[in-house]
Amino acid sequence: MRILNFGSLNWDKTYRVPHFVRGGETICALALTQSPGGKGLNQSVALGRAGADVAHAGAVGADGAPLRALLEAAGADTSRLRTAGEASGHAVIQLCGGENCIIVYGGANRTPVPADVDAFLAGYGPGDLLLVQNETSCVPYAMRRAKAQGMAVALNPSPIDETLTPDVLALADVLFVNETEAGALTGADAQDADALLRALAARFPAAQLVLTLGEKGAAYLSGGARLYQRAYPVTAADTTAAGDTFTGFFLAAMARNLPPKTCLRCAALAAALAVSRPGAADSIPTWAQMKAFGEASGEDMQGL
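If you're wondering where the values come from, they're calculated on a predicted model, not measured in any experiment.

Novice: Explain unusual backbone geometry to me, and be specific about the residues and the numbers.
Specialist: Along the chain, Ser-158 connects to Pro-159 via a cis peptide bond; the corresponding omega equals 0°. Locating Pro-159 in the fold gives a position in the loop between β9 (152–155) and α5 (166–169). You will see that Cys-138, though not glycine, has its phi angle at about 65°, which is positive. Topologically, Cys-138 is positioned in the loop between β8 (129–132) and α4 (139–148). Take Cys-138: its relative accessible area is 18%, and that puts it in the buried class. Positive phi is not limited to glycine here, since Asn-257 has a value of about 65°. Residue position: Asn-257 is located in the loop between α8 (242–255) and α9 (260–275).

Novice: Just give me the short version of the state of the cysteines, but keep the residues and values in it.
Specialist: Under the counting rule described, the total for this entry stands at zero disulfides. The thiol of Cys-266 is not disulfide-bonded; the next cysteine sulfur, from Cys-263, is found 6.9 Å away. Taking the relative accessible area as the measure of exposure, Cys-266 reaches 0% and is therefore buried.

Novice: Which residues make up the pairing of strand β5 (residues 77–83), and what values do they have?
Specialist: In terms of strand pairing, strand β4 (residues 53–60) meets β5 through five bridges, oriented parallel. The residue of β5 that forms the bridge with Val-60 is Thr-83. For the handedness criterion, the β-α-β arrangement of β4, helix α2 (residues 65–74) and β5 is classed as right-handed.

Novice: Quick rundown of the packing of aromatic side chains? Include the residues and the values.
Specialist: For the coordinates displayed, the defined rule picks out five aromatic pairs. When the ring of Phe-249 is compared with that of Trp-287, the centres are 6.0 Å apart and the planes differ by 0°; the resulting orientation is stacked. In this pair, Phe-249 is assigned in helix α8 and Trp-287 in helix α10 (residues 287–296), connecting sequence segments 38 residues apart. Overall, Phe-249 belongs to the buried group, its relative accessible area being 0%. Looking at Arg-2, its charged tip hangs above the ring of Tyr-124, at a distance of 4.5 Å from the centre. Over the ring of Trp-287 we find Arg-256, and its NZ or CZ is 3.8 Å from the ring centre.

Each value, and the rule that gives it
- Residues numbered from 1 in each chain as written.
- Predicted model: local features only at pLDDT ≥ 70, side-chain atom pairs only at ≥ 80, totals over all residues.
- Heavy atoms only, no water.
- Helix = DSSP H or I, 4+ residues; strand = E, 2+ residues; numbered from the N terminus.
- Buried < 20%, exposed > 50% of the residue type's maximum accessible area, 1.4 Å probe, protein only.
- Disulfide = S-S within 2.5 Å.
- Pairing = 2+ DSSP bridges.
- Right-handed = clockwise from strand over helix to strand, strands pointing away.
- Phe/Tyr/Trp six-rings, centres within 6.5 Å; stacked < 30°, edge-to-face > 60°.
- Lys NZ or Arg CZ within 6 Å of the ring centre and 35° of its normal.

Dropping the structure here:
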């Protein structure tokens, strides 16, 4: 399975703070780092480091050469990555105690138009998969075009906004959501995993549903088959790319024709490793590192 990730690429400015800033408050940051990020870039890096056949489509500004280089070093094809006249997207991240709050500015990520999407999708068809988040322009158009070309679609609908209409959401063959996103999409209690799964299944009966639950692990539901995956305990350094790492490794394992239970396990192991390291894209492990961590955690990693 070839994977085309039409996704965002950002520069992350991460401020370590004593507490998350409140309305009307000014605080002093304890430290500042700038590093590559963006949900799309993170997921392509995860896919590439996990050994998947992935190409990244999207746009960067004149400041985007290091972002392109990072993707290529991870093993992603960047021939569908455009350089726009606007600066690359960026994120302002507050980091406190391993948790984060994030503000994203789209920049070049919002410049692709439908003609660009047509060019991105050229050469893909049945047996291939389009991965999208919701940090770029033209996401609904890309999903519709991909389905028309016979591709499967995986959606990580963040941020959730008015573009994600019911007919667009229904196009997803694989849906990745965390508790907050699942609650926003369904109206179910974001603290009740079982209620979230039931609500997601009712709304998206044809999709493979992957619900990440933070330190409580993850859940999977498809066609009545429900699976749970525990989280692996680590000392949290930065949770910024945990969900993106999970998504990338789950899809990379799926591309290897591994069963959903194994896909969940590989994704959870990789996400735990990412949480234990600072940074976003820089924290994402390789497939070999994920396997070694699994073996050290007492998991049977034979055949992977």
